[in-house]
Amino acid sequence: ATWGPISGGQVQLTLRIDMGTFNDPLVNGTNPDDINSIQGALNYDASLLSFATVPGSGLQNLIFNPSTPGVIQWLNGSTNPTVDTQQGLQGLAVFTFNILASGSVTTANSFVEVLSRDEVDLIPRIIVTEGTLTIP
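Scoring rules and cut-offs
- Residues numbered from 1 in each chain as written.
- Predicted model: local features only at pLDDT ≥ 70, side-chain atom pairs only at ≥ 80, totals over all residues.
- Heavy atoms only, no water.
- Core = buried A, V, L, I, M, F, W, Y, C linked by side-chain atoms within 4.5 Å.
- Buried < 20%, exposed > 50% of the residue type's maximum accessible area, 1.4 Å probe, protein only.
- Helix = DSSP H or I, 4+ residues; strand = E, 2+ residues; numbered from the N terminus.
- Pairing = 2+ DSSP bridges.
- Phe/Tyr/Trp six-rings, centres within 6.5 Å; stacked < 30°, edge-to-face > 60°.
- Lys NZ or Arg CZ within 6 Å of the ring centre and 35° of its normal.
- Salt bridge = Lys/Arg side-chain N within 4 Å of Asp/Glu carboxyl O.

Draft legend 1. View of the nonpolar core. Counting 27 residues, the largest nonpolar core has Trp3, Ile35, Ile38, Leu49, Trp74, Phe95 and Phe97 as the members making the most contacts within it. When contributions to this core are tallied by element, the ones reaching two or more residues are β2 (10-18), β3 (37-43), β4 (49-56), β6 (71-77), β7 (89-99) and β10 (132-135).

Dropping the structure here:
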């Protein structure tokens, strides 16, 4: 999770996954590990930020529910093998927030499901790096 620079009273948060870290033969054989779907929730401090938009998704099929302040539930999947088998950082989602107040906010991501195309559970391999933003 990486916060972008603050601009015009807004800030973007980019979620990415590094599919180049492992190359498990159980996941896509000898080919690069793939990711087919990833579902989770993002928690943030609703006293400092309010959800604005989702301008982008790396896996092309992002579904999100921001109806609870401080929580965005999201599911992203792909049917495009040239997207989900890329090595290195794979974009998952870019969320834009309105800034409400000064302070420090750290994301808290949790995952419900992360599957390869052949339905191998990838959650045990995920090491989450949360993003911290200081709002002046």
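Past the structure itself, the notes keep going.
Draft legend 2. Examining the sheet that holds β2 more closely. Within the open sheet, the four strands sit side by side as β1-β2-β7-β4. Their pairing is antiparallel. Two strands in the sheet have a free side with no partner beyond their single neighbour: β1 (2-3) and β4. Bridge count for β2 against β7 is nine bridges, and the pairing is antiparallel. By the bridge assignment, Ile17 is partnered in β7 with Gln90.

Draft legend 3. Structural detail: the packing of aromatic side chains. Across all of its chains, the model carries six aromatic pairs by this definition. On the numbers, 5.6 Å between centres and 55° between planes, the contact of Trp3 with Phe97 is tilted. Remark: Phe97 occurs in strand β7 and Trp3 occurs in strand β1; sequence separation between them is 94 residues. In this structure Phe97 comes out as buried when scored by relative accessible area, which is 0%. By way of ring pairs, the aromatic residues Trp3, Tyr44, Phe51, Phe64, Phe95 and Phe97 are connected into one cluster. A cation over an aromatic ring shows up here: Arg125 above the ring of Phe22, its NZ or CZ 4.4 Å from the ring centre.

Draft legend 4. Focus on unusual backbone geometry. One non-glycine residue with positive phi stands out, namely Asn28, at about 70°. Looking at the element boundaries, Asn28 is found in the loop between β2 and β3. Positive phi outside glycine occurs at Glu119, with the angle close to 65°. Looking at the secondary structure, you find Glu119 in the loop between β9 (108-115) and β10.

Draft legend 5. Fine view of the pattern of salt bridges. Scanning all chains against the criterion turns up one salt bridge. Between Asp24 and Arg125 there is a salt bridge, with its nearest N and O atoms 3.0 Å apart. With Asp24 in the loop between β2 and β3 and Arg125 in the loop between β9 and β10, this residue pair connects regions lying 101 residues apart in the sequence.

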